Amino acid sequence: MPALLPLVCTDPARHAEAAGLAARYGLPVLADIDALYGTYWLRLDATGLALLGRGADAPGPVQVDWTGGALGHRLRFGGGRGQPLARAIGLKGGACPAVADLTAGLGRDACVLAALGCRVTLVERSPVVCALLDDGIARAAADTGIGSWVRERVQLVHADGSAWLQAAAQQAQAAPAQRPEVIYLDPMYPHREQSALVKKEMRAFRAVVGDDLDADALLAPALAVALRRVVVKRPKGAPPLAGRAPSHVIASPNTRYDVYVTLAGA
Ligand SMILES: C[S@@+](CC[C@H](N)C(=O)[O-])C[C@H]1O[C@@H](n2cnc3c(N)ncnc32)[C@H](O)[C@@H]1O
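Trainee: For the state of the cysteines, give the residues involved together with the corresponding values.
Mentor: Applying the stated criterion across every chain yields a total of zero disulfides. This cysteine, Cys 118, is not joined by any disulfide, and Cys 96 carries the nearest cysteine sulfur, 5.0 Å off. With no disulfide of its own, Cys 130 has Cys 111 as its nearest cysteine by sulfur position, at a separation of 16 Å.

Here is the structure:
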């Protein structure tokens, strides 16, 4: 699967936006859907940017949606600061650590953490996924309900997590106190999602990003940089990242959060 997918803008009012996204992420823009090639494509219409497949049984659309759907439900009923993700990150008492999410994906975990008060830097290496995030975060930032905390707490970076960690390690030498407090990793793992609906969405997403076979290499540099902890999301039963045992584990029915407390403290 090529890393870059063609983008078609079907909303005449949004051609400038399409050109901006294409320039930022190196995406080829096609004049209309008749010019499409390949299995997957990106569409910008009045609802925003979406990843779609082509053909009768095509998977998609996949969109970053922080305001409605499953994520809206998770924000309202997901358990607040008591939910396993929040406990794993260290949202104890009034603490709201700054989080660097180095495998941002569709930004669902990042959105939950930002909604709970954390400043979150989302780092994503796939240009297609980063374009989806860019569009979804812009829509969320303009939303009258959640826009204020999105604008205040959320930052998107198009980079590889390893390169980002290298730069953070260099900055940490000059300003040790400004190291990221918590680093969060949720790399792709084979066959992690079960429901039919999610499977269909994940089919398109997985086809675009592939399996993160280099994920083990993120752990050691993340541990060297994180001020407080590194948290790794794993499916239940999966081995720990890089075969390294965590300090402790927070488990939920299908997911496990491996927590690595760094020398600087919890
Ligand atoms: C399973 S998804 C993350 C899902 C995310 N936690 C969410 O809540 O939507 C994994 C994502 O991490 C990205 N990724 C994997 N390794 C990366 C790396 N080294 N640097 C940046 N992004 C990476 C992949 O492109 C993919 O989009």
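Trainee: I'd like a rundown of the domain arrangement of the chain, residues and numbers included.
Mentor: Domains assigned within the chain are domain 1 (7-53) and domain 2 (69-261). The C-alpha centroid of domain 2 is placed 27 Å from the C-alpha centroid of domain 1. Across the boundary between the two partners, domain 1 contributes 14 residues, which contact 15 residues of domain 2. Interface of domain 1 and domain 2: buried area, both sides summed, is about 1100 Å²; carbon and sulfur atoms make up 70% of it. Along the contact surface separating domain 1 from domain 2 lie one salt bridge. Ionic pairing is found between Arg 24 and Asp 134, a salt bridge with its closest N-O pair at 3.0 Å. The interface formed by domain 1 and domain 2 holds three residue pairs in polar contact (both at pLDDT 80 or more) in total. Of all elements in the fold, only α1 (15-25), β3 (40-45) and β4 (48-53) reach the threshold of two or more residues within the side of domain 1 that touches domain 2.

Trainee: Talk me through the packing of helix α2 (residues 69-77) against helix α4 (residues 108-115); I want residue IDs and the actual numbers.
Mentor: Contact geometry for α2 and α4: axes closest at 10 Å, N-to-C directions at 35 degrees. As for the relative orientation of α2 and α4, their crossing is right-handed in sense. Packed against α2, whose contacting residues are Leu 71, Arg 74 and Leu 75, the element α4 presents Arg 108, Asp 109, Cys 111, Val 112 and Ala 115 at the interface. Classifying every residue of the contact of α2 with α4 gives five nonpolar, no polar and three charged.

Trainee: Describe the site of the ligand, naming the residues involved and giving the relevant values.
Mentor: The environment of the ligand is made up of 22 residues, and the closest members are Asp 109, Glu 124, Gly 161, Asp 186 and Asp 212. Of all the secondary-structure elements, those providing two or more residues to the shell around the ligand are α4, β6 (120-124) and α8 (196-209). Across the shell around the ligand, the residue classes tally to 10 nonpolar, four polar and eight charged.

Trainee: Which residues make up the sheet that holds strand β1 (residues 7-9), and what values do they have?
Mentor: Spatially, four strands are ordered β2-β1-β3-β4 in an open sheet, and the strand pairing comes out mixed. What marks the edges here is a single partner per strand, and that holds for β2 (29-30) and β4. Alignment of β1 against β2, held across two bridges, turns out to be parallel. Within β2, the position partnered with Leu 7 by the bridge is Val 29. Sitting on the sheet, α1 touches β1, β2, β3 and β4, and the angle it makes with β1 is about 165 degrees. Along the sheet face, helix α5 (residues 127-141) touches β3 and β4 and points at about 145 degrees away from the line of β4.

Trainee: Summarise the sheet that holds strand β10 (residues 248-251); cite the residues concerned and give the values.
Mentor: With mixed pairing, the seven strands of this open sheet are ordered in space as β7-β6-β5-β8-β9-β11-β10. The open sheet has two edge strands, β7 (154-158) and β10, and neither has a second partner. Taken over all neighbouring pairs, the strand axes of this sheet differ in orientation by 20 degrees on average, direction set aside. Both strand β5 (residues 99-101) and β6 contribute to a ladder of three bridges, which runs parallel. When the bridges of β6 are listed, Asp 101 appears paired with Leu 122. Against the sheet, helix α7 (residues 161-174) makes contact with β5, β6, β7 and β8 (182-185), and its axis sits at roughly 130 degrees relative to β6, the strand it touches most.

Trainee: Mind laying out the nonpolar core, listing which residues take part and the relevant values?
Mentor: If you look at the biggest cluster of nonpolar residues, it comprises 58 residues, and the most contacted ones within it are Leu 51, Trp 66, Ile 89, Leu 122 and Val 150. With near-sequence residues (within four places) excluded, Leu 122 lies in contact with Trp 66, Asp 101, Ala 104, Gly 107, Ala 110, Leu 133, Ile 137, Val 154, Gln 155, Leu 156 and Val 157. Ranked by size, the runner-up nonpolar core spans 20 residues in total, among them Ala 100, Leu 102, Ile 183 and Ala 215.

Trainee: With reference to specific residues and values, describe unusual backbone geometry.
Mentor: Phi at Ala 242 takes a positive value of approximately 55 degrees, unusual for a residue other than glycine. With respect to the element layout, Ala 242 can be found in the loop between β9 (229-235) and β10. Here Ala 242 falls in the partly exposed class, since its relative accessible area comes to 41%.

Trainee: Explain α7 to me, using residue names and the numbers behind them.
Mentor: With 14 residues, α7 should cover 20 Å at 1.5 Å per step; its first-to-last C-alpha distance of 20 Å lies within 8% of that length. Here α7 has its buried residues at Gly 161, Trp 164, Leu 165, Ala 168 and Ala 172. Buried residues of α7, seen end-on, are gathered within an arc of 95 degrees and therefore sit on one face of the element. Facing away from the buried side of α7 by more than 90 degrees, the exposed set consists of Gln 166, Gln 170, Gln 173 and Ala 174. On its buried face, α7 sits against β5, β6, β7, β8 and α9 (216-225). With a side-chain oxygen positioned 2.8 Å from the backbone nitrogen of Ser 162, the residue opening α7 is Asp 160.

Definitions and limits used
Residues numbered from 1 in each chain as written. Predicted model: local features only at pLDDT ≥ 70, side-chain atom pairs only at ≥ 80, totals over all residues. Heavy atoms only, no water. Disulfide = S-S within 2.5 Å. Domains from an automatic or database assignment. Contact = heavy atoms within 4.5 Å. Buried area = accessible area lost by both parts, 1.4 Å probe. Salt bridge = Lys/Arg side-chain N within 4 Å of Asp/Glu carboxyl O. Polar contact = N/O pair within 3.5 Å; in protein donor to acceptor, adjacent residues only side chain to side chain. Helix = DSSP H or I, 4+ residues; strand = E, 2+ residues; numbered from the N terminus. Axes fitted to C-alpha atoms, helices over the stretch in contact; angles between N-to-C directions. Left-handed = near helix turned anticlockwise from the far one by under 90°. Nonpolar A, V, L, I, M, F, W, Y, C, P; charged D, E, K, R; others polar. Near = heavy atom within 4 Å. Pairing = 2+ DSSP bridges. Core = buried A, V, L, I, M, F, W, Y, C linked by side-chain atoms within 4.5 Å. Buried < 20%, exposed > 50% of the residue type's maximum accessible area, 1.4 Å probe, protein only. Expected span 1.5 Å × (residues − 1). Arc of directions from axis to C-beta.

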